[in-house]
Amino acid sequence: MTDAIEYPALHMKKGEDARLRAGHLWVFSNEIDVARSPLSGFEPGDACVIVDHHGKPLGVAYVNPNSLIAARLVARGMDHALDRSLFVHRLNVALALRERLYDEPYYRLVFGDSDGLPGLTLDRYGDVLVGQTTTAGMERLKDELTAAIVKVLKPRQLWWKNDAGSRSMEQLPEYCELGHGDAGGEVIAREAGLTFGVDPVGGQKTGWFYDQRENRDQLARLVKGRRVLDMFSYLGGWGLRAAAYGASDVVCVDASAPAVEAIAANAERNGLSDRVTAVKADAFDHLKALREARERYDVVILDPPAFIKRKKDFREGSLAYRRLNELGMQVLAKDGVLITCSCSHHMPRAALLDSVQHGARHLDRQVQMLVALQQAADHPVHPAIPETDYLKGFVCRVLPAQ
Ligand code: SAH
């Protein structure tokens, strides 16, 4: 018998357990039988047992009475408490996948729900780990998690980069702290033989966008001897890969000054400075300026931040994608390649391709979609949870209208 069955019950209304049974992990507040288990009886982050209408336990979860997603299922059945030993097991399962996929220890090690650890993101930079909790339940379990991570991975440093905006939905504060080890020393990401300096504290999100790694491989056959424009470049992930694959000239553009400084350092570090320039600018303004100056690039990469954070922002956000793609095409050389991406879950694949096609017609161009892109395999999609499938993109050839 485990501690698990000591947890208080969270009763679901009749029929509301169907989604959980189909594989999903979330319980919305309106699905709970609050007459039997009032949410007011729970503190944010409390563990519970989810029980169906007939009184049958479905599994162990944690609760946040203040969130629309009132509970998240962590373990089906009644065999596992929410403790270090469960985390060690989940981390080992996650690690086995990444070790199979990659030769070097640089990857997203835990991708939340898809790795059975709702509310946790964990990125690995060799012997440095950067974690992020986004729910009160995971936040509450941080010490157990830290102990499990140290046991499985023995990192030199573990950072908790707990500053995601989404934490406000769980009424969690934003902060960043060293969870294990001593601060100091360099942190690097390695990708396709290149090395990038990463700032685990001051950088964006958890430091590096591993989700685009496999998409950046596409550049190998597209850029040799070509001029490349990498918009929203962050630390130069796309741009430096392009330079390494033989692009003649690469311009990286980002609005963040620290990112732009880091690109120059990363270019230097990889011996690519002679062909890489970094510019600090607003992407829309810069594209307009390039258009006016009649500058043209053979390959244009558009990898912006999420323009649609909430479903209700779809109209405005999709217009931004449309404007961006049109601007991108306007600075493409004849027979150029546009690589366009969206990391908004709320921007469907088809809508992104539509925005390209719309821009093309407006400019009287013809588009051939060559490759559809998705998030890398260290960000596995949970088939029952559409939100885990967020990154999409297209490699498109853009021709004059035929
Ligand atoms: N392409 C990057 C990831 C991009 S993340 C990679 O492959 O690693 C989004 C980036 O867009 C951030 O670095 C952010 O600083 C930048 N950004 C956000 N709004 C911008 C704007 N209006 N103009 C230019 N850059 C912007």
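Here, the structure is the one placed above.
Quick look at the structure, then. (Residues numbered from 1 in each chain as written. Predicted model: local features only at pLDDT ≥ 70, side-chain atom pairs only at ≥ 80, totals over all residues. Heavy atoms only, no water.)

1. Quick word on the layout of surface pockets
The condition that has to hold: Whether a set of points on the 1 Å grid over the protein atoms alone is a cavity depends on a 1.4 Å probe fitting there but being unable to get out, while an open set qualifies as a pocket with protein on both sides within 12 Å along at least five of seven lines; lining residues are those with an atom within 4 Å of a point. Grid points are joined across faces, edges and corners, and a volume is the space filled by probe spheres set on the points. The secondary structure listing takes helices from DSSP runs of H or I that are at least 4 residues long and strands from runs of E that are at least 2 residues long, numbered from the N terminus. Each residue is assigned to one of three groups, with Ala, Val, Leu, Ile, Met, Phe, Trp, Tyr, Cys and Pro labelled nonpolar, Asp, Glu, Lys and Arg labelled charged, and all others, Gly among them, labelled polar.
Counted as a void, the second largest pocket has a volume near 280 Å³. If you go around the second largest pocket, you meet 17 residues; those closest to its centre are D199, G203, L235, P258 and A262. In terms of residue count, helix 7 (residues 257-269) provides more of the lining of the second largest pocket than any other element does, six residues in total. When grouped by side-chain class, the residues that make up the lining of the second largest pocket number eight nonpolar, six polar and three charged.

2. Structural notes on helix 6 (residues 237-244)
Selection criterion: Categorising residues by exposure relies on relative accessible area from a 1.4 Å probe, with only protein chains included: less than 20% of the type maximum marks a residue as buried, more than 50% marks it as exposed, and the intermediate range marks it as partly exposed.
Among the eight residues in helix 6, seven count as buried, and that is most of the element. Positive phi appears at G246, one or two residues downstream of helix 6, with a value of about 100°.

3. Some points on the site of the ligand
To keep it simple, the criterion reads: For this description, a residue counts as near a given molecule or strand if any of its non-hydrogen atoms is within 4 Å of it. Whenever two N or O atoms come within 3.5 Å, that pair is a polar contact, provided that in protein one can donate a hydrogen and the other can accept it, and provided that, for residues adjacent in sequence, both atoms are side-chain atoms. The protein chains shown are the only cover counted for residues, whose accessible areas, like all others here, come from Shrake-Rupley with a 1.4 Å probe.
Within the structure, the ligand sits among 15 residues, and R216, F232, D254, A283 and D303 are positioned closest to it. W238 has a polar side-chain atom sitting 3.5 Å from an oxygen atom of the ligand. Within the backbone of A283, an N or O atom sits 2.8 Å from a nitrogen atom of the ligand. Against a free-state accessible area of 580 Å², the protein chains account for coverage of 87% of the ligand. Counted by class, the shell around the ligand contains eight nonpolar, three polar and four charged residues.

4. Focus on the sheet that holds strand 5 (residues 69-76)
Using the following cut-off: Pairing between strands requires that DSSP locate at least two bridges from one strand to the other. A fitted line through C-alpha atoms represents every axis, and for helices the fit uses only the stretch in contact; the resulting angles, taken between N-to-C directions, go from 0 to 180 degrees.
Within the open sheet, the five strands sit side by side as 1-3-4-5-2. Their pairing is mixed. A strand with exactly one partner marks an edge of an open sheet, and here the two such strands are strand 1 (9-11) and strand 2 (26-28). The average angle at which neighbouring strand axes cross in this sheet is 40°, direction not considered. Sheet topology note: the strand 3 (residues 47-51)/strand 4 (residues 57-63) ladder contains five bridges and is antiparallel. By the bridge assignment, I50 is partnered in strand 4 with G59.

5. Points about the packing of aromatic side chains
Basically, it comes down to this: The rule is short: rings of Phe, Tyr and Trp, with Trp giving its six-membered ring, pair when the centres are within 6.5 Å, and they are stacked under 30 degrees, edge-to-face over 60, tilted in between. Two conditions define a charge located above a ring, namely a distance within 6 Å from the ring centre to NZ of Lys or CZ of Arg, and an angle within 35 degrees of the ring normal.
Evaluated as defined, the whole model comprises nine aromatic pairs. Taking the centre distance of 4.5 Å and the plane angle of 35° together, the rings of F196 and W208 count as tilted. With F196 in strand 12 (residues 194-197) and W208 in the loop between strand 12 and helix 5 (213-216), this pair connects stretches of sequence that are twelve residues apart. Given a relative accessible area of 0%, F196 falls into the buried group. Every member of this aromatic cluster is reached through a ring pair, and the members are F232, F284, F307 and Y321. Here the guanidinium or amino end of R72 rests over the ring plane of W26, the centre of that ring lying 5.3 Å away.

6. Some remarks on the sheet that holds strand 7 (residues 120-125)
To keep it simple, the criterion reads: Note on contacts: a residue pair qualifies if any of its non-hydrogen atoms lie within 4.5 Å across the two residues.
The strand order across the open sheet built from five strands is 6-7-8-9-10, with neighbouring strands paired in mixed fashion. Lying at the two open borders of the sheet, with one neighbouring strand each, are strand 6 (106-111) and strand 10 (175-181). Along the sheet, successive strands turn relative to each other by an average axial angle of 20°, direction set aside. In the packing of helix 2 (residues 84-101) onto the sheet, the strands contacted are strand 6 and strand 7, and the crossing angle to strand 6 comes to about 145°. Sitting on the sheet, helix 4 (residues 142-153) is in contact with strand 6, strand 7, strand 8 (128-133), strand 9 (157-162) and strand 10, with an inclination near 145° to strand 9.

7. A few points about the pattern of salt bridges
Pairing between side chains of opposite charge can happen when their charged atoms approach one another. Rule in force here: When a carboxyl oxygen of Asp or Glu is within 4 Å of a side-chain nitrogen of Lys or Arg, the pair counts as a salt bridge.
A full pass over the atoms with the stated rule returns 25 salt bridges. The shortest N-O distance in the salt bridge between D364 and R361 comes to 3.5 Å. We classify D364 as partly exposed; its relative accessible area is 45%. The network of salt bridges with common partners includes E191, R216, D217 and R241.

8. Overview of the pairing of strand 5
Across the eight residues that make up strand 5, a large majority, seven, are buried. Here three bridges tie strand 2 to strand 5, and the two strands are oriented antiparallel to one another. When the bridges of strand 5 are listed, V27 appears paired with A71. In the sheet, strand 4 pairs with strand 5 via five bridges, with the strands oriented antiparallel.

9. So, the side chain of R216
Its location among the elements puts R216 in helix 5. Residue class for R216 comes out buried when judged on its relative accessible area of 4%. Setting aside anything within four residues of it in sequence, one finds R216 in contact with E191, W208, F209, G237, W238, R241 and Y245.

10. Topic: the pairing of strand 11 (residues 188-191)
The two faces of the sheet receive side chains in turn, since in a regular strand these alternate between them. Across four bridges, strand 11 lies against strand 12 in antiparallel orientation. Looking across to strand 12, one finds that E191 is bridged to L194. Connecting the antiparallel pair strand 11 and strand 12 is a turn made up of two residues, with A192 showing a positive phi of about 50°.

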